[in-house]
Amino acid sequence: MDTENGKTPAFDSFIEEMKWRGFFEQCTDEKSLTELLAGETTTGYIGFDPTADSLHVGSLLPIMGLVHLQNHGHKPIAIVGGATAMVGDPSGRTELRNMMTLETIDKNLEGIKEQLSRFIRFGTGASDGMMLNNADWLKDHLYLEFLRDVGRYFSVNQMLTRDSVKSRMETGLSFIEFNYMILQAYDFMVLNRDHGCRLQMGGNDQWGNICSGIDLCRRVNQAEVFGLTFPLMMTASGVKMGKSAEGAVWLDAARTSPYDFYQYWVNVDDRDVSRFLRLYTLMPPTEIEKLEKLQGAEIREAKKVLAREVTTLVHGKGEAAAAEKAAKALFSGGGDDSTVPSSERPAADFGGAGLSLLDALTDAGLMKSKGEARRMIRQKAVRVGGEVIEDETLQLTGEHIQDGKITLQVGKKRHHHILVAS
RNA sequence: GGGGGGGUUCCCGAGCGGUCAAAGGGAACAGACUGUAAAUCUGUCGGCAAACGCCUACGGAGGUUCGAGUCCUCCCCCCCCCA
């Protein structure tokens with residue numbers, strides 16, 4: 001099997017690497033799947049929900065799954081669920097999600113495509129990735145036809161035993177959600193039929209849906225296909241992966257700046273570092289194992305490597321280096337701080353009475369409201385030019401400008417520079 | 001179709017007609033301690049306001065009351081049981 005990026009993988013097999021890196025949760029038939037992967041270029045897919053026009057850190061795990069698949073010479077397919085997003089997957093949810101309009105979904109698809117192409121090499125070669133929208137084969141079906149051709153293969157009895165359904169028996173499950181499983185199974189069947197896809201991967205909450213797809217492939221295509229699931233990612237503190245103070249951590253630089261993205265990873269819990277290095281970077285095992293040996297405060301070094309690696313994967317080397325520089329300037333002192341999150345204001349704003357600190361904080365996005373800004377000041381959390389401010393009514397004037405900028409800081413970690421345009 | 005139980009601030013969840021911006025817990029944020037970690041302790045946690053206070057919120061729309069998250073009517077949604 002050739003590896004097209006020229007590097008020799010540290011692992012002989014995809015499965016072996018997935019296991020070492022912590023991606024492997026369940027597999028439908030590990031032995032046969034291993035044989036398949038060893039013998040031929042295998043096509044595998046993962047579905048992504050276009051519920052927003054950007055993917056977030058939560059999607060990074062499946063993305064990396066596809067990346068590894070491709071690195072081992074196989075062909076990854078990313079399905080964007082244009083059709084299934086209209087239905088809403090009940091897996092892992094407690095209530096019916098809001099339905100999305102076709103226009104929104106279309107818009108979101110574009111953003112996601114763009115992002116995925118930074119991780120996966122798309123093209124027409126044997127192991128080049130493909131991106132497909134399941135609306136293409138789902139949207140024109142007639143109900144009766146679909147029931148007859150596909151619905152006949154599903155046993156309600158069996159569907160009721162699926163976790164995603166069972167767990168909703170108390171809170172309720174609408175018929176439209178109940179059908180999600182069928183649609184996802186149908187996706188797999190179509191991919192198998194039209195693209196020779198033999199493997200579906202996904203989070204462990206997808207197990208039931210994946211199994212349904214495998215059954216359908218066998219029944220309709222007489223094909224043996226496989227499923228592999230990843231563990232559901234929680235941080236050590238039991239929070240869903242990818243949440244920060246400002247909400248979700250996005251892969252889109254416009255939504256989450258590379259600086260904030262970098263900070264997210266530098267700030268992970270000690271207990272998560274090793275796991276994350278394996279899951280979210282492509283570093284070779286020997287290097288990761290070296291970092292895993294670090295103890296105490298040294299773990300910070302491992303976090304920096306983690307942050308740099310992941311930021312590089314998502315935003316590129318340049319942005320990662322800039323974020324690292326900014327972090328160094330802010331937390332270690334000295335260095336180039338030109339890439340710290342900033343905004344611009346005309347010098348005139350600081351003439352006369354000046355600009356109220358409260359407005360400056362809220363405009364910079366450091367605070368959601370002036371009330372919050374006041375509270376923070378009372379708690380001695382706000383610094384201007386490094387000095388703790390205790391006066392809520394402070395006006396920013398020329399005297400606060402140093403080197404053409406005013407530095408704002410909230411708490412230890414949130415920084416912002418107001419660049420004063422002359 | 002009939003009967004019963006529900007819809008509360010980010011989440012869970014309590015809430016006698018006034019003292020409810022609403023108990024308690026979680027999450028989150030800040031301060032102390034640290035290592036931009038964890039744990040711990042303390043504080044904060046709808047908006048505007050320096051403050052008095054004003055505004056917006058308890059599924060939706062009306063109503064009764066000096067006064068309603070709390071009572072009444074209608075509507076929407078969810079759960080359970082029966083048909």
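Scoring rules and cut-offs
- Throughout this description, residue numbers start from 1 for each chain and increase along the sequence as written.
- Key to labels: chains lettered from A, ligands numbered from 1, both in the order written.
- pLDDT decides what is reported in this predicted model: residues at 70 or higher carry local features, side-chain atom pairs at 80 or more are listed and counted, and totals for whole chains, interfaces and linings draw on all residues regardless.
- Working from all heavy atoms in the structure, the side-chain values ignore hydrogens and water.
- Like-charged residues within 9 Å of one another, or nonpolar side chains (Val, Leu, Ile, Met, Phe, Trp, Tyr) within 5 Å, are grouped into patches, provided each residue has over 30% relative accessible area and no salt bridge.
- The Shrake-Rupley method, run with a 1.4 Å probe, gives the accessible areas here. Residue values count only the displayed protein chains as cover.
- When a carboxyl oxygen of Asp or Glu lies within 4 Å of a side-chain nitrogen of Lys or Arg, that pair is called a salt bridge.
- For helices the rule is a DSSP run of H or I covering at least 4 residues; for strands it is a run of E covering at least 2, with both sets numbered from the N terminus onward.
- Residue exposure (1.4 Å probe, protein chains only): buried if accessible area is under 20% of the type maximum, exposed if over 50%, otherwise partly exposed.
- Think of a nonpolar core as a cluster: buried Ala, Val, Leu, Ile, Met, Phe, Trp, Tyr and Cys residues, connected wherever their side-chain atoms sit within 4.5 Å.
- Contacts are assigned to residue pairs that have any heavy atoms within 4.5 Å of one another.
- Definition of nearness: a residue and a molecule or strand are near each other if at least one heavy atom of the residue lies within 4 Å of the molecule or strand.
- For the purposes of these results, a polar contact is taken to be a pair of N or O atoms within 3.5 Å, where, inside protein, one atom must be able to donate a hydrogen and its partner to accept one; residues adjacent in sequence count only when each atom of the pair is a side-chain atom.
- Each residue is assigned to one of three groups, with Ala, Val, Leu, Ile, Met, Phe, Trp, Tyr, Cys and Pro labelled nonpolar, Asp, Glu, Lys and Arg labelled charged, and all others, Gly among them, labelled polar.
- Domain extents, as shown, originate in an automatic or database domain assignment.
- By buried area we mean how much accessible surface two parts lose on assembly, using a 1.4 Å probe and totalling the loss over both.
- Axes, fitted as lines to C-alpha atoms, cover a helix only where it is in contact. Angles between the N-to-C directions of the axes lie from 0 to 180 degrees.
- An angle below 35 degrees is read as roughly parallel, one above 145 as roughly antiparallel, one from 65 to 115 as roughly perpendicular, and any other as oblique.

Colleague: Explain a nonpolar patch on the surface residue by residue, including any values.
Modeller: On the surface, a nonpolar cluster with roughly 480 Å² of combined accessible area is contributed by Tyr143, Leu144, Leu147 and Phe175. Among the elements that make up the nonpolar patch, the one with the highest residue count is helix H6 (residues 143–149) (three residues). Structurally, tyrosine 143 is set in helix H6. Classification of tyrosine 143 by relative accessible area gives exposed; the value is 53%.

Colleague: Outline the pattern of salt bridges, listing residues and values.
Modeller: One pass over the structure, following the stated rule, counts 20 salt bridges. Of the charged contacts, one joins glutamate 30 and lysine 19 as a salt bridge, the two residues approaching to 2.5 Å between their closest N and O atoms. Of this pair, glutamate 30 sits in helix H2 (residues 30–39) while lysine 19 sits in helix H1 (residues 14–21), and the two are eleven residues apart along the sequence. For glutamate 30, a relative accessible area of 31% corresponds to the partly exposed category. Residue lysine 19 is classed as partly exposed on the basis of its relative accessible area of 40%.

Colleague: Mind laying out the nonpolar core, listing which residues take part and the relevant values?
Modeller: Side chains of a nonpolar character, in soluble globular proteins, are inclined to be buried together. The biggest cluster of nonpolar side chains holds 62 residues, and the ones touching the most others in it are Phe14, Leu60, Ile63, Met201, Leu251, Trp265 and Tyr280. Not counting chain neighbours up to four residues away, the residues in contact with leucine 251 comprise Ser54, Leu55, His56, Val57, Leu60, Ile63, Gln115, Arg118, Phe119, Phe261, Val314 and His315. Counting residues in hydrophobic clusters, the runner-up holds 31 residues, among them Phe154, Ile182, Cys197 and Leu216.

Colleague: Just give me the short version of the protein's contact with RNA strand B, but keep the residues and values in it.
Modeller: The immediate surroundings of RNA strand B are formed by 34 residues, with Gln263, Asn267, Asp270, Arg374 and Lys412 found nearest. Protein-adjacent atoms of RNA strand B, using a 4 Å cutoff, are sugar or phosphate at a proportion of 71%. Residue lysine 303 places a side-chain N or O atom 3.1 Å away from a sugar or linking oxygen belonging to RNA strand B. In this structure, glycine 371 approaches RNA strand B through a main-chain N or O atom, which is 2.9 Å from a phosphate oxygen. For the surface near RNA strand B, the elements supplying multiple residues, two or more each, are helix H12 (258–266), helix H13 (270–280), helix H15 (299–315), helix H16 (317–332) and helix H18 (370–378). Counting residues per element, the surface near RNA strand B draws most heavily on H18, which supplies six residues. Residue composition of the surface near RNA strand B, by class: eleven nonpolar, nine polar and 14 charged.

Colleague: Would you mind going over the side chain of glutamine 70 in detail, with residue names and values included?
Modeller: Locating glutamine 70 in the fold gives a position in helix H3 (residues 60–71). Polar contacts involving the side chain of glutamine 70 include one to the main-chain carbonyl oxygen of serine 127, which spans 2.8 Å. If we skip the residues at most four places from it in the chain, glutamine 70 touches Pro76, Ile120, Arg121, Ser127, Asp128 and Gly129.

Colleague: Before we move on, could you go through the domain arrangement of chain A and cite the residues and values that matter?
Modeller: You can read the domains of chain A as domain 1 (14–230), domain 2 (243–331) and domain 3 (342–421). Between the C-alpha centres of domain 2 and domain 3 there is a distance of 28 Å. Each side of the interface is counted separately: domain 2 has five residues, and domain 3 has five residues. A combined buried area of about 400 Å² lies between domain 2 and domain 3, and 57% of that area is made up of carbon and sulfur atoms. Across the contact surface, domain 2 and domain 3 share zero salt bridges. Applying the counting criterion to the domain 2 and domain 3 interface returns one residue pair in polar contact (both at pLDDT 80 or more). A breakdown of the residues in the side of domain 2 that touches domain 3 according to their chemical character gives three nonpolar, one polar and one charged.

Colleague: So, the packing of H13 against helix H14 (residues 285–292): which residues are in play, and what are the values?
Modeller: H14 packs onto H13 with a crossing angle of 170° between their chain directions and a minimal axis gap of 10 Å. With respect to their mutual orientation, H13 and H14 come out roughly antiparallel. Across the interface between the two elements, Ser274, Leu277 and Arg278 from H13 touch Ile288, Leu291 and Glu292 from H14. Across the contact of H13 with H14, the residue classes tally to three nonpolar, one polar and two charged.

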